[in-house]
Structure formats: C-alpha cells, structure tokens
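Here is what each chain is made of, one letter per residue.
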Amino acid sequence: MKWIYSVSLAASLVIQPALADDLFGPHPINEQARDAFVSDLLTKMTLDEKIGQLRLISVGPDNPKSAIRDMIQKGQVGAIFNTVTRSDIRAMQDQVMQLSRLKIPLFFAYDVVHGQRTIFPIPLGLAASWDLDAVSTVGRISACEAADDGLNMTWAPMVDVSREPRWGRGSEGFGEDTFLTGQMGSAMVKAMQGNSPADRYSLMTSVKHFALYGAVEGGRDYNTADMSPQRMFQDYLPPYKASLDAGSGGVMVALNAINGVPATADSWLLKDLLRDEWKFKGITISDHGAIKELLKHGVASDPQDAVRIALKSGVDMSMSDEYYSQYLPGLVKSGAVSMAEIDDAARHVLNVKYDMGLFNDPYSHLGPKESDPQDNNAESRLHRAEARDVARKSIVLLKNRLETLPLQKSGTIALVGPLADSQRDIMGSWSAAGVAKQSVTLLQGMRNATAGKATLLYAKGANISDHPGIQNFLNLYEKAVSVDTRTPQQLIDEAVEKARQADVVVAAVGEAQGMAHEASSRSELNIPASQKKLLQALKATGKPLVIVLMNGRPLTLVQEDQMADALLETWFSGTEGGNAIADVLFGDYNPSGKLPVTFPRNVGQIPLYYNHLPTGRPYNPTKPNKYTSHYYDTANGPLYPFGYGLSYTTFKVSPVKLSARTMARHGTLEASVTVTNNGARDGATVVQMYLNDPVASISRPVRELRGFKRIMLKAGESQTVTFKIDEDALKFWNQKMQHVAEPGKFNIMIGLDSVRTQDAQFDYL
Ligand code: NOJ
C-alpha cells in the first residue's frame, strides 16, 4: 500500500491511500534548468560565500544560536542540523532571507532514522518484518512528520551490511544480508523522498555510511575495515548502490578507513566509484568531525593537509568541523586547491537545495508562521495506529514450547524485568524528536490488554546491569537508565513473590537502548548478569516463563532458550511498542517476523552468517570428523538462523516447481512453491528464495537470498508464490573483478527460513 498525505484544517497530518501509483517514484528534475540556475548563481558568489555553502553546523553548546546568527548573516553557513522545531528553523531562514547578501536558503537536516515524533521499531526490527510496505509506511510518515517540523534532509537510511553483532550500530541498519538491506534501503529512500524532495511532506535522504562501516574490525566502533574487492562489491556495496538508484540525493561518508584509506580521504570511493561509475549527482557530506579525524588516522600532517585531501577526494560538505571554513581560503590562495574544485563542491550543495525546492520557496516546509504548532509534541501529531501495526510485524517468535503463547486474558500474570516499564528504552537509539513519555511500555500495553479481565502484577526484578561502570556509561549523555537502589536480592525477592502468585511469568529483559547505539560496542553478547540471575530465580518458581527480549543486536541466548517456555524477540519497538507486544502475547496478532541476522551461540563463533563460503573440509554433524572446519567446544551452527521465526500457526511448503530445467543466457526462469497454512489460525509468513552456484571460478556462498515475499494465509488456505530469476541474480564478481554469470548448475532453495528449504536444480546455459 502506498500513501499520500493531505493536511487537514487543524494542520494535523492525515494519511490516505494513494490514488494512483504514478504519484510516486523520483520526480524528474530538469537538470538543464538547474545547471543554468546554479552556474549563474556561482558567478555571483565570492570565494567565502562558496566555502560557506560547504559548512554544515550542528546547533549545540559549541555553536549557540547567537553565534550562528552572525555566520548566517555573512553567508558562512550552508546547512544546519540538530534544530527540529518550525519556529527555530523559521528564525534561521529569516536571518538568511533578511540579512545575507545573496539570500541562499539554508537546508535543515536531522537523524530521522526510524521516525520523527512517532517512533517506529529500530531499523533492525523493521528488517525483521520483511515487509516493504511497512517500511514505506515508516518512510512516508517519518518524512511527513519531519517535513512538518521544517526539516529538508535526513541522515538515513543506514544501509551498512553488518555481520558483526558486537557493533552497536547494527541496530540502525537492516541486518546481515545484502539483498534484504538493499530492498529495505531503497524502499525507505523512495518513501521518504516521495514524488520529489521538494514536496511539502517529503525529505531528501542521505544514505550512510559510505562505505563498509558495518565491517569494522572486531565490531569496535570507528575501527578499520579491510576487505577483498570481491566481498566488497558482492556483499557490502550493493545496498548503497540500490539506495542511490532509488534516487537518494545525499550520501554520508563513513568514519572508518577501508583497506588503510579513511573513506573521507578516498578519492577512489567518492569520485571514481560514486561519481564516475555510479553517476551520482547529489551531495556528499562528511560524518561528524571526520575531516579533523584525518590527522588521527595518520593520513594528514596538519589541518590544511586534511582539508586539501578531503576536498580533493570528493567530500562536498563538512559536518560539524570548522576546518573547511578556516583553511580553504588559504588553500585556494596558495593554489593547493583550485577554484574549480571549490565550485564543484559548492555546485553539489546548491544542486540539492534546488532539488529541495528551496530556491522556489525557502519556507516550503514551514508554511506561514501562524500555522506553527502550538505544541510540537501534541498527541495529534502522532501516528499511533501505524506505529502499532508496523511494530507487531517486526516481532519474531523464537520459541513456543507446548503453545505457551498466546496467553489467556484471564487469571494472574506477573510481568517483571528492567525493560517492562522503561519508556526511554522501548524507543531505541536515534529516536529523533520522539518523546519518551509518549511511548507505551510493555506494562502499559499489557494493562490495556487485560483491563477488567486478568490480574497483572509487576516488579522490576533487576537493574539493567549491576555494574557501576556500565550504569555510568549508559547515563553519560542523558539520564537514560534509572537505577533502583535496592539490593539485587531485594529486587529478585520482590519479583519472585509476584511470580509465585501468578499463573504465568513474563520477563522483559535484554539491553538498554544505550547498549545498542553508536559507540556502544560490546565484547559479550549476553543478557547482563543481573537479569540472568533474575531469570534463574523466576525459572526456579516452576511457573511457565515467557521471555520478552528487547535489544538491538543478536544476543547469545543458549541459557535463555533452555529456560524459556516461550521467547519473543521484540527489538526496540517504538512509541506503540507496549501495545504491539501485548497484541502478540495475547494472540490479537499472530507473529510473522523473521530474523534479519544470525543469532550465534557464543561470541567465539563470530563472524557467523548464513551466506558463508564453503570450505574444503565442511563439517557434517551427522558424521563428525576431527579434521573438518568446526569448533570442538560448541555446535557449528547458530542458535537461531537467518530468516527464522515461528508463528502461532504452522505452514507447509511444497516442493519447488520450475518453469524449465534450463535457463538460457539472458533468459529468465520461474520457480514456484505452494505454501499452505495447515494450522488452526490465520497468519502471515515470509517465503524466502535462495540461490547457490555450486561450481564456479571462485567459491560462491552456500546460499544467498535472492527474493522474498510476505504472504497472509487464512487457516487452511494455500497460495502459490512464484519467483522470477534473471541473469543478474546469478552474477558475481570473479577474480578479475568482472561481474559475470557462469554457465553450469545452480541450486535453488525456497523455504520459510535459511535452513529448512525445498531444493531444486537448474542449468544455466
Ligand atoms: C555521527 C553518526 O555517525 C552519524 O550516523 C550521524 O548521522 C551523525 N553523527 C549526525 O548525528
């Protein structure tokens, strides 16, 4: 379903189904007219004004509004971020329009990653829905709310493929798979940019972090990435390309180095690949302070050197450091940087301002002053129904012994755990302008669901962590985690007492949102000890135990899997998270989410991902052999594989039917399965299609996702799902870095996760 937006008289946003599909897709820009306009403008600009356009300022303690006013007046600023109200934005645009010489409008950007005022599940959770319509809904509503706050650009989507659960920023991306990430990223770009970023309720996107940020060594944030060209082009670059092909106007440059070269200093990446090969016409923006960081990376000898390298490498706009403004004038004077290079960067900034419609109407996202919201956080500005619907779709049922779930809305239920009633945590990291007190916790959601029907008891049971260092870390920048000062034992005793009175225990455990964030790398992936002890004490009561996980990365859950009667992965599910989880717990919604990441058994197995290469000595668990590729102290495979997720009903997948046994060069082939809901409830599932090239000129992954489809089936209903395979799906980068499909046999595997599949074979001629 696609959406269009209209504004009601009360200025609250009303969503309506789109009337026609052709309302969508990138609106063609008249590039000739734009080039002529921008060229003309450049002739009128001084060097300082051009350099001013390259500066993106973050409003904050270092740059208070008063200081910015002066810079704006002098034409020394191109764009602003971290300002999110219409009145603040209007005041700054007024300064440009009233005080500056050339009146070149500013653009305003923000991290609108999974919602603006209404917060949706974190992107990793969105990916677990495998639902591109849901992603489009999130994109449209986020853009709509953000544009209604006066913003023009978002630093999203993040399409960094990551096979590194230790990395905290996996929460902001769409998981470990290239194809799924590319599909999600491009759906998000199309939805956010809508018909045109110039539209009243659209945002320009800025795809990040270019490139390979998800591959930082050891999962330690900002660390280096080192990679073969084949892996880079096959597995990590395609989602950026897909999001740019979807029309993204911006690219944010990654903070990490790639094969020794910081992305901010990588002219191969930002010029040869991005501009020359991929024909990107938009703007490149450094990440926060990245130009200064070239000194610490050890590739620039002094600030001038860093600025020269970044500009010449293709970084148009500098985020939050003053180096461009300070050093570019001197570098131009000395001839180290040419005027043509400055013009090139300034042109990209002016181009996107043109595309945002700002030269037509600098107030296009602001409207008349009288229309400014009285209350920026007004309830009427939220889209709760959509948030609840998307959140339900993102939840993954990992275990359900003897149909423990769904729960009855009767009897006594004990809800415990440090995440059961945390309004801040359920929103997840990068929750933009979302307000914690507007979010529905699991406690509130379960109260709403059981009111007048069941008795609900609650106890916190444990702190997120008892480790003072971790508590301090989590509360460093905001008072995010409240620490109960009772002793751990007192907290557990209270929870156990509640559990003893109950028919079933629900424990909400996992990570605080700050544990799955930028600069939140972990060396352990377990549930913190304080919460593990709570779970053990609850288990000892003998009551059925339902574990509700909230977290932003794959966790190691071997013990929890053993302890739990039912296990539900809910990620950080957003403003309506508590209601959505309660919908699933009580069976008002049948879970349909599938994991977009592999859950390892322990940290030592990392990296563990489903689409690995074969080895010469594969391990066969049914015929164990010492000299095969495995760990002797743990099972080889994951605890929960990629694509996995249960339902309250059961599905059966038929054998694969191929339209032909052979596929001609440049031809296509169709593969179908019939999926039957052979359980007692209606439910949705995700049919996944994987391919494998068993003999090729280089080893190819054991399987790779090449298609998926989410279907809804009533109890007893069947549906045939057909995937079309074309040559592109068979292609890979060979040793000579040619993108080829090699003739031979191909395996096709279709199933409801990446392990249990129906398999067939065809010949590609
Ligand atoms: C740094 C982060 O790496 C980036 O993702 C974010 O968009 C910027 N800060 C702006 O907040």
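Conventions we followed
- Residues numbered from 1 in each chain as written.
- Predicted model: local features only at pLDDT ≥ 70, side-chain atom pairs only at ≥ 80, totals over all residues.
- Heavy atoms only, no water.
- Domains from an automatic or database assignment.
- Contact = heavy atoms within 4.5 Å.
- Buried area = accessible area lost by both parts, 1.4 Å probe.
- Patch = residues over 30% accessible without salt bridge, like charges linked within 9 Å, V, L, I, M, F, W, Y side chains within 5 Å.
- Areas by Shrake-Rupley, 256 points an atom, 1.4 Å probe, with all protein chains shown as cover.
- Salt bridge = Lys/Arg side-chain N within 4 Å of Asp/Glu carboxyl O.
- Helix = DSSP H or I, 4+ residues; strand = E, 2+ residues; numbered from the N terminus.
- Buried < 20%, exposed > 50% of the residue type's maximum accessible area, 1.4 Å probe, protein only.
- Pairing = 2+ DSSP bridges.
- Near = heavy atom within 4 Å.
- Polar contact = N/O pair within 3.5 Å; in protein donor to acceptor, adjacent residues only side chain to side chain.
- Nonpolar A, V, L, I, M, F, W, Y, C, P; charged D, E, K, R; others polar.
- Phe/Tyr/Trp six-rings, centres within 6.5 Å; stacked < 30°, edge-to-face > 60°.
- Lys NZ or Arg CZ within 6 Å of the ring centre and 35° of its normal.
- Arc of directions from axis to C-beta.

Draft legend 1. Layout of the domain arrangement of the chain. Looking at the assigned domains, one finds that the chain contains domain 1 (32-371), domain 2 (394-595) and domain 3 (651-764). A C-alpha centroid distance of 36 Å is found between domain 2 and domain 3. Of the residues lining the interface, seven residues belong to domain 2; the matching set on domain 3 comes to nine residues. With both chains or domains summed, domain 2 and domain 3 bury close to 540 Å², and 40% of this area falls on carbon and sulfur atoms. Together, Asn590, Ser592 and Lys594 form the three largest contributors to the area buried by domain 2 at its contact with domain 3, with a combined 76%.

Draft legend 2. Fine view of a nonpolar patch on the surface. A surface patch of nonpolar side chains, amounting to about 420 Å² of accessible area, comprises Phe473, Leu476 and Tyr477. Within the fold, Leu476 resides in the loop between helix H18 (468-474) and helix H19 (488-501). Under the relative-accessibility criterion, Leu476 is labelled exposed at 57%.

Draft legend 3. Seen up close, the sheet that holds strand E24 (residues 704-713). Taken in spatial order, the five strands of this open sheet run E21-E29-E28-E23-E24, and their pairing is mixed. Edge strands, defined here as strands with exactly one partner in the open sheet, are strand E21 (662-663) and E24. Bridging between strand E28 (residues 744-751) and strand E29 (residues 757-764) involves eight bridges; their strand directions are antiparallel. Residue pairing in the sheet places Gly744 in a bridge with Tyr764 of E29.

Draft legend 4. Molecular detail of the sheet that holds strand E3 (residues 55-58). With parallel pairing, eight strands are arranged side by side in an open sheet as E11-E8-E7-E6-E5-E4-E3-E12. This sheet does not close on itself; its edge strands, each paired only once, are strand E11 (283-285) and strand E12 (318-319). When strand E7 (residues 204-210) meets strand E8 (residues 250-253), the two strands line up parallel, connected through three bridges. Within E8, the position partnered with Ser206 by the bridge is Gly250.

Draft legend 5. Layout of the site of the ligand. As a matter of local geometry, the ligand sits amid Phe81, Asp111, Trp155, Arg169, Lys208, His209, Met252, Asp287, Met319, Trp430 and Glu518. Within the contact set of the ligand, an oxygen atom lies 2.5 Å away from a side-chain nitrogen or oxygen of Asp111. Asp287 places a side-chain nitrogen or oxygen 2.5 Å from an oxygen atom of the ligand. Here the residues of the shell around the ligand sort into five nonpolar, one polar and five charged.

Draft legend 6. Local environment of the packing of aromatic side chains. Scanning the model with the defined rule gives 19 aromatic pairs in all. Arranged with centres 5.5 Å apart and planes meeting at 10°, the rings of Tyr640 and Tyr644 form a pair that is stacked. Residue classification places Tyr644 among the buried residues on the basis of a relative accessible area of 11%. One aromatic cluster in this structure is built from Trp130, Phe179, Tyr610, Phe642, Tyr690 and Phe708. Sitting above the plane of the Tyr609 ring, Arg163 keeps its charged end 3.9 Å from the centroid. In this structure, Lys208 packs its charged tip against the face of Trp430, placed 5.5 Å from the ring centre.

Draft legend 7. Inspection of helix H17 (residues 442-450) at higher detail. Of all the positions in H17, only Leu442, Leu443, Gly445, Met446, Ala449 and Thr450 are classed as buried. Buried residues in H17, looked at end-on, bunch into an arc of 165°, giving them a common side. Buried residues in H17 make contact with strand E14 (412-416), helix H16 (423-427), strand E15 (455-459), strand E16 (504-510), strand E17 (545-550) and helix H22 (577-585). Once H17 ends, the next one or two residues include Gly452, with phi positive near 75°.

Draft legend 8. How the structure looks around the pattern of salt bridges. Within this structure, the stated rule accounts for 46 salt bridges. Of the charged contacts in the structure, one is a salt bridge between Arg169 and Glu172, with a shortest N-O distance of 2.7 Å. Accessibility classification places Arg169 together with Glu172 in one group, the buried group. One salt bridge in this structure joins Asp588 and Lys409, with 2.8 Å as the shortest N-O distance. Pair noted here: Asp588 is in the loop between H22 and strand E19 (651-653) and Lys409 is in the loop between strand E13 (396-400) and E14, with a separation of 179 residues, a long-range link.

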